[in-house]
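One letter stands for each residue in the lines below.
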Amino acid sequence: MSPSAIQTCGDPGLREALADLLARYGLRLVTHPARAPLPGTWWGEPEAGIIGLEVHVRPDTPIHSALHEAGHVICMDAARRATLHTNAGGDDLEECGVCYLQILLADALPGVGRERLMRDMDTWGYSFRLGTTAAWFREDAADARRFLQSHDLIDPDDRPRFACRGAAAAVPVAGSDATLASID
């Protein structure tokens, strides 16, 4: 698979499904035109950017990147989320949780799914000690899974709970996008 075969946010059906998925967390997908600067990108374009509760993408942004950056917003504590701009911060365990969550979230996107996303992650250059993303996910990610469960981000059957860390649920506010109700 060549990097050009990696699934991107350019597919309108996929972009809509991604926006709907992120909205379940109270996040907003912000789509920028091709070749436009991407605000909030840590790794540089075409990688997704994050600012507050927004995930910024272009048509050439890989789906895995959008899910990864959304995963950072979901997995970080409320204090970091409140001042988030570009650098997600966090520690190695949280990073593992983000990778695990992005794989689970891929199943909610039509035509993506975890197997395809893991192949795209390998093609893009994600690096895990067992060699492939799939091997890590199946054989070496117990700590990531425990992290997600300990913060009530997934249930015991690996189903996402659709609430950010430290939030009860995405709560719609009249006349605006969803916001987060804190349980801290």
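Up top is the structure.
Residues numbered from 1 in each chain as written. Predicted model: local features only at pLDDT ≥ 70, side-chain atom pairs only at ≥ 80, totals over all residues. Heavy atoms only, no water.

Colleague: Go over the side chain of Glu-47 with me, naming the residues and quoting the values.
Modeller: Tracing the backbone shows Glu-47 in the loop between β1 (28–31) and β2 (49–51). It is Arg-58 that comes nearest to the buried, bridge-free Glu-47 among opposite-charge side chains, at 10 Å. Among the polar contacts made by the side chain of Glu-47, one reaches the side chain of Trp-124 at a distance of 2.5 Å. Once residues within four sequence positions are removed from consideration, Glu-47 is found in contact with Leu-38, Thr-41, Thr-61, Ser-65 and Trp-124. (Helix = DSSP H or I, 4+ residues; strand = E, 2+ residues; numbered from the N terminus. Buried < 20%, exposed > 50% of the residue type's maximum accessible area, 1.4 Å probe, protein only. Lys, Arg positive; Asp, Glu negative; His and termini not counted. Salt bridge = Lys/Arg side-chain N within 4 Å of Asp/Glu carboxyl O. Polar contact = N/O pair within 3.5 Å; in protein donor to acceptor, adjacent residues only side chain to side chain. Contact = heavy atoms within 4.5 Å.)

Colleague: Outline the nonpolar core, listing residues and values.
Modeller: Grouped together as the largest cluster of nonpolar side chains are 50 residues, with contacts concentrated most on Leu-18, Ile-63, Leu-67, Tyr-100, Leu-109 and Trp-136. Listed by contribution, the elements that provide at least two residues to this core are α1 (12–23), β3 (54–57), α2 (63–75), α4 (92–106), α5 (113–124), α6 (133–139) and α7 (142–150). Top element by residues in this core is α4. It accounts for 8 residues. When neighbours within four sequence positions are excluded, Leu-18 is seen to be in contact with Cys-9, Leu-29, Ile-63, Ala-66, Leu-67 and Leu-109. (Core = buried A, V, L, I, M, F, W, Y, C linked by side-chain atoms within 4.5 Å.)

Colleague: So, the sheet that holds β3: which residues are in play, and what are the values?
Modeller: Taking strand neighbours across the sheet as the criterion, the 3 strands line up as β1-β3-β2 in an open arrangement whose pairing is mixed. The open sheet has two edge strands with one neighbour each: β1 and β2. Neighbouring strand axes in the sheet, compared pairwise and without regard to direction, differ in orientation by 25° on average. Note: β1 against β3, 4 bridges, orientation parallel. (Pairing = 2+ DSSP bridges. Axes fitted to C-alpha atoms, helices over the stretch in contact; angles between N-to-C directions.)

Colleague: Summarise the packing of aromatic side chains; cite the residues concerned and give the values.
Modeller: Evaluated as defined, the whole model comprises 4 aromatic pairs. When the centroid spacing of 5.3 Å and the interplanar angle of 50° are considered together, the rings of Tyr-25 and Phe-162 count as tilted. With Tyr-25 in the loop between α1 and β1 and Phe-162 in the loop between α7 and β4 (167–171), the pair connects residues that are 137 residues apart, well separated along the chain. Relative to Trp-136, the ring of Phe-128 lies with its centre 4.6 Å away and its plane at 20°, an arrangement referred to as stacked. Taking relative accessible area as the criterion, Phe-128 reaches 14% and is therefore assigned buried. According to the relative accessible area criterion, Trp-136 is buried, its value standing at 3%. Ring pairing ties together the aromatic residues Tyr-100, Phe-128, Trp-136 and Phe-137, which thus form one cluster. Geometry around Phe-162 places Arg-24 over its ring, the cationic atom sitting 3.6 Å from the centre. (Phe/Tyr/Trp six-rings, centres within 6.5 Å; stacked < 30°, edge-to-face > 60°. Lys NZ or Arg CZ within 6 Å of the ring centre and 35° of its normal.)

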